[in-house]
Amino acid sequence: MIKKIILVLFVTFFNFNSFATPTKIMVRAKAKDAKFIGNSIGGAYIIIRNQRTGEILSQGKTKGGTGDTSLIMKTPRERNINITDDKTSGFLAELDISEPVFVSIEVFAPINKKQATVSGSTTLWIIPGKDILGDGIIIEIPGFVIDILTPRTHQFISLKSIEEKSISIQSNIVMMCGCTISDGGLWDANQIEVKGILKKDGTKIQEIPLKVSSPNLFESSINVDSTGNYELIVYAYHPKTGNTGVDKVNYIITP
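Keep in mind that this is a model prediction, so the values were computed, not measured.

Within this model, the largest pocket holds a volume of roughly 320 Å³. What lines the largest pocket is a set of 14 residues, among which Asn50, Leu57, Ile97, Glu99 and Val101 lie closest to the centre. Elements that contribute at least two residues to the lining of the largest pocket include exactly strand E4 (91-97) and strand E5 (101-109). Ranked by the residues each element gives to the lining of the largest pocket, the list is headed by E4, at 4 residues.

This is the structure in C-alpha cells:
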C-alpha cells in the first residue's frame, strides 16, 4: 500500500513538472523623471505573487547600473525602441508555470533608504513560455531621497554655544535613482522648491527656504533664541513632475 501511494505521488509530481515551463520576466524600477534604480543606491526589491493565492513565485533585488543618461533622458522615445541594455538595473525572475497565472508585481525602492522607500505595483497575466524581456516590466518610482545632515537626530545644542544665535541646516537631496541634483544641471536644483518647516514643542514657528550650495547639498540657517524641543521637517517639491520627498529630525536646545 505504501509503495502504491509513493508511486501515485511520484507520477503526480512528474506529470505536473513535465508540463511546467520556465518563463523569464524582467522587472525594472525607474525613478520618475530620472533613471533606473540600481546598485549605486542599493537597488529595488521585487516580489512577484500569484494574485489569486498570494503565493510568492519569485523575489529579489534589482542589479545593475542606472542606464544610459542620453538614451533615457534626452532621446525622444519611439514605439518599440528599448531604453535599457544588458547593463541596466533589473531583476530577472524565472517562473515554472504550467498554465497562465495572474500575478501581482510589487516594487519597493530604493530599498536601503527606509525613510524614502516608495512602493509601486502592477498586475498582469504571465503565459507559460512567453518571456517578457528587453525593457521588461517597468514600474515608476516617484519622489526624492532626502537626508538631513545637520542638525543631527536628538542632538543636544547649548544655547550659550551658538554663535550669532543661529544654527545651520544641511540636507542632502538626490533623485530616487541617486542621480545628482545641481545648480543648472540636468536635474536642476533651481526648479525644485526645498524648504524646512520648524516646530518648537509641537508648534510650527517658521519656514526656511534652502538653497543648493554644491551638488545634492542644500543649506540654510535657523535663528535660535530659546531652549526647547525642536522638530525640523525638510521637504522637496518639483512642480513640473510632482515629485516630492520629506525627512524629519528632532533636536534639543538646552540652556
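Here we come to the sheet that holds strand E10 (residues 166-175). With antiparallel pairing, 4 strands are arranged side by side in an open sheet as E8-E10-E16-E15. Each end of this open sheet is capped by a strand with a single partner; those strands are strand E8 (144-150) and strand E15 (211-214). Neighbour-to-neighbour, the strand axes of the sheet open up by a mean angle of 35°, direction not taken into account. Judged from the 3 bridges that link them, E15 and strand E16 (residues 217-223) form a sheet pairing that is antiparallel. In the sheet register, Val212 faces E16, and the bridge partner there is Phe218.

Rules and cut-offs
Residues numbered from 1 in each chain as written. Predicted model: local features only at pLDDT ≥ 70, side-chain atom pairs only at ≥ 80, totals over all residues. Heavy atoms only, no water. 1 Å grid on protein atoms, 1.4 Å probe; cavity = no way out; pocket = protein on both sides within 12 Å on 5 of 7 lines; lining within 4 Å. Points joined across faces, edges and corners; volume = space filled by probe spheres on them. Helix = DSSP H or I, 4+ residues; strand = E, 2+ residues; numbered from the N terminus. Pairing = 2+ DSSP bridges. Axes fitted to C-alpha atoms, helices over the stretch in contact; angles between N-to-C directions.

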